[in-house]
Amino acid sequence: MDKKKAAFKQPSEKTKNTPKKEGFVFPFLKPYPEAVTVPLPPEPDDLMSENMFERRPNYEQKDLEKEFSREEDKAAEHTLYNQYEEKIRPCIDLVDSLRALGIEKDLSLPAIAVIGDQSSGKSSVLEALSGVALPRGNGIVTRCPLELKLKRLPDGQPWKGKICYRNVTLELQSASEVDRAIRQAQDVVAGPRGAISAQLISLEVQSPDVPDLTLIDLPGIARVAVGDQPKDIGDQIKMLLKRFVDCKETVNLVVVPCNVDIATTEALKMAQEVDPSGERTIGVLTKPDLVDRGTEESIIKVVQNRVIPLKKGYMIVKCRGQQDIHNKMTLAAAIQQERNFFESHKHFRAVMEEGKATIPHLAEKLTNELVKHITKTLPALESQIRGTLHKTLQDLQRYNRGTPTTESEKLFFLTDLIKLFNQDISQTTRGEEQLFGDEVRLFTKIRKEFRTWGVILLECAARAKKTVPSRVWKYEDQYRGREFPGFSNYRTFEDIIKEQIRELEEPAVEILNSVMKLVEEKFMELVKRNFANFHNLSRVAKVKIEDIREKQAEEAERHIRTQFKMERIVYCQDDLYIGALNAVKAENGPNLAMGKDLQFLDPKEPSVVTEMVSHTNAYFSGASKRLSNQIPLIILSSVLHDFGENVQTSMLQLLQDKEKLNFLLEENTEAAKTRNYLSQRVDRLTKACQYLKDFSLL
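None of these values were measured; they are calculated from a predicted model. (Residues numbered from 1 in each chain as written. Predicted model: local features only at pLDDT ≥ 70, side-chain atom pairs only at ≥ 80, totals over all residues. Heavy atoms only, no water.)

Computed from the structure, the largest pocket encloses a volume of approximately 960 Å³. For the largest pocket, the lining is made up of 35 residues, of which R99, G102, E104, K105 and L200 are closest to its centre. Elements supplying a minimum of two residues to the lining of the largest pocket: α6 (89-101), β1 (111-116), β2 (146-152), β3 (160-165), β4 (168-172), β5 (201-207), α9 (233-245) and α24 (671-696). Looking at the lining of the largest pocket residue by residue, the classes come out as 14 nonpolar, eight polar and 13 charged. (1 Å grid on protein atoms, 1.4 Å probe; cavity = no way out; pocket = protein on both sides within 12 Å on 5 of 7 lines; lining within 4 Å. Points joined across faces, edges and corners; volume = space filled by probe spheres on them. Helix = DSSP H or I, 4+ residues; strand = E, 2+ residues; numbered from the N terminus. Nonpolar A, V, L, I, M, F, W, Y, C, P; charged D, E, K, R; others polar.)

Listed below in structure tokens is the structure:
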């Protein structure tokens, strides 16, 4: 057993006196035989034991281990490995397979993204987890997202490596080749001058000495451009990082050095912006050996989640420093040194015993979190994949229909195209169109505009209540002649009503224009969906929609203005008006009573004001109800139904001009590219569905 295996397999003294938690034990540990009999739990939360990677056994424990035969030990380890392969590895393999298919082009996949400021120790953490030396240097070393796929092999299997980028796949023979391979890949993908790229580079490492884990390493956050780097390199990196960390399917692993103020780090700030509640963020503290004496307790508080709380908590690790690398310390020796550091440290020993320190404990936690996260997001992911596949198949069906050769076939083909388009128009006008993904029905959008119209009517009525008293008082002060106090002036009443009606005319036209825009956008979308690969047919359809839109908009506006012209004729049936007036007076009974008591005390006669308010409210109540329905009806009739019917009729007229068949059915030069793209998308989504089906059968 080499040094690294020994460091990973030594159990802790803690296990002597502490009852072992039921759960899964990492197979690359050499567990106590009694752990073998512990069954796997039913819930994903306890897929792994918290007691892995702990302190060295004392002599008593060593003697105990010797009592068991090698055959029993091998059988136990084999049993654990099989259980692990059945429960854990398939989860991670599923997502890795989906990512390899390119599913992330269509939707987000669950992942753990590693972010940190420059010189935070991010590369050292990944090196310790993977067992391979990653590129190091000054400035920005990670210039592309690096998918780091770690796969644990049974003992005795040789190290295997593979790097993939663009259409290149290279097999790696040893861990020493990784550094150079990544640098070459980054030069190809991002260019040799220090620029960055969002294209993913995938590195797969298979070894008996690594945990089963997949991470995405992202460029370190830079503040200043160095050398030939673009001046806005810092902003470019932040935009790239946010594409990953902003995704709800991503768990963010934030690496922060212990020797800086955690609250000032850019990486943690970014994680807090996209995940304010800290539900999908894990903090990793590095460089504990550089902490100033006397400040250790502040670090302990951070690890114990008492400073900036994160739901998934913090871990603390000590990796190789620059001097260790200079001294050519191996990664295996670094893991052992890390264990010794925490076990002997006066302050940090406690967090070690709590399972919150060392790279092996971090590996356990990350694998556990990734599996839980995959299990949690899998149902929604499956639903998204199936929905996207359904929509893509429909799009491909339209593109797969190439133009026929004979004239008669072309006519039937064009008829079929227009028939399908008209069906979509008809379903849309009835509010029955088929929706894809997060699409919203056109009718639903139109109803929102009509609700806005209802709010405008209420606001107009509220303004009128405030202006009526001043209008009545103005009449009393300037125009009242021989009339006795208390007589309302009908002309004043009529003027108030007409002014209210006039205020509503232009807002009604604005609602018309808003709805017309929504309808036109929807019809144009249907043109694109049905005629995407026939550019002439698409252009003709769009011109027809635009022409009909102008006519329908003019017609609808004419109807609306005619409606308001009629509304300025102040009229209501006597019985309806009296009923409305009595309802208003009953509602304002106490105010009316007060007005009667004060009618001889003020020359501005409060009762006249109250009476006028009652009359205007009564009339406008009826007018408002009429307008709240009539304007939407006019818009629906002219802008939606008539517009849709006229478009369908106009499209059918194209079938009469047979001389334009070839012109209309001329295929777009981009159609072949789109068809190829949709075919590839259907292929990977179909494979993804099969992967999900196979996984469900495990």
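Following the structure, the description resumes.
A separate point is the packing of aromatic side chains. Scanning all chains against the criterion turns up seven aromatic pairs. Seen from their ring centres, F341 and F342 are 5.2 Å apart, and the 80° between their planes marks the pair as edge-to-face. Accessibility classification places F341 together with F342 in one group, the buried group. When the centroid spacing of 5.0 Å and the interplanar angle of 40° are considered together, the rings of F421 and F531 count as tilted. (Phe/Tyr/Trp six-rings, centres within 6.5 Å; stacked < 30°, edge-to-face > 60°. Buried < 20%, exposed > 50% of the residue type's maximum accessible area, 1.4 Å probe, protein only.)

Glancing now at empty space enclosed by the protein. The full count for this structure, using the stated rule, is six cavities of 30 Å³ or more. Around the second largest cavity, the lining residues are L134, P135, V141, T142, C144, P145, L146, I182, Q186, I201 and D217. Looking at side-chain class alone, the lining of the second largest cavity contains eight nonpolar, two polar and one charged residues.

If you check helix α18 (residues 490-531), its first and last C-alpha atoms are 61 Å apart, about what 42 residues at 1.5 Å a residue would give, namely 62 Å. If you look at α18, its biggest bend is around 25°, right at E505, and the proline P507 turns up within four residues after that. (Expected span 1.5 Å × (residues − 1). Bend = angle between axes of the 7 residues up to and from the residue.)

Once that is clear, we can look at α24. An ideal rise of 1.5 Å per residue puts 38 Å on 26 residues; α24 measures up with 37 Å between its terminal C-alpha atoms. Taken residue by residue, α24 has A671, L678, R681, V682, R684, L685, A688, C689, L692 and F695 as its buried positions.

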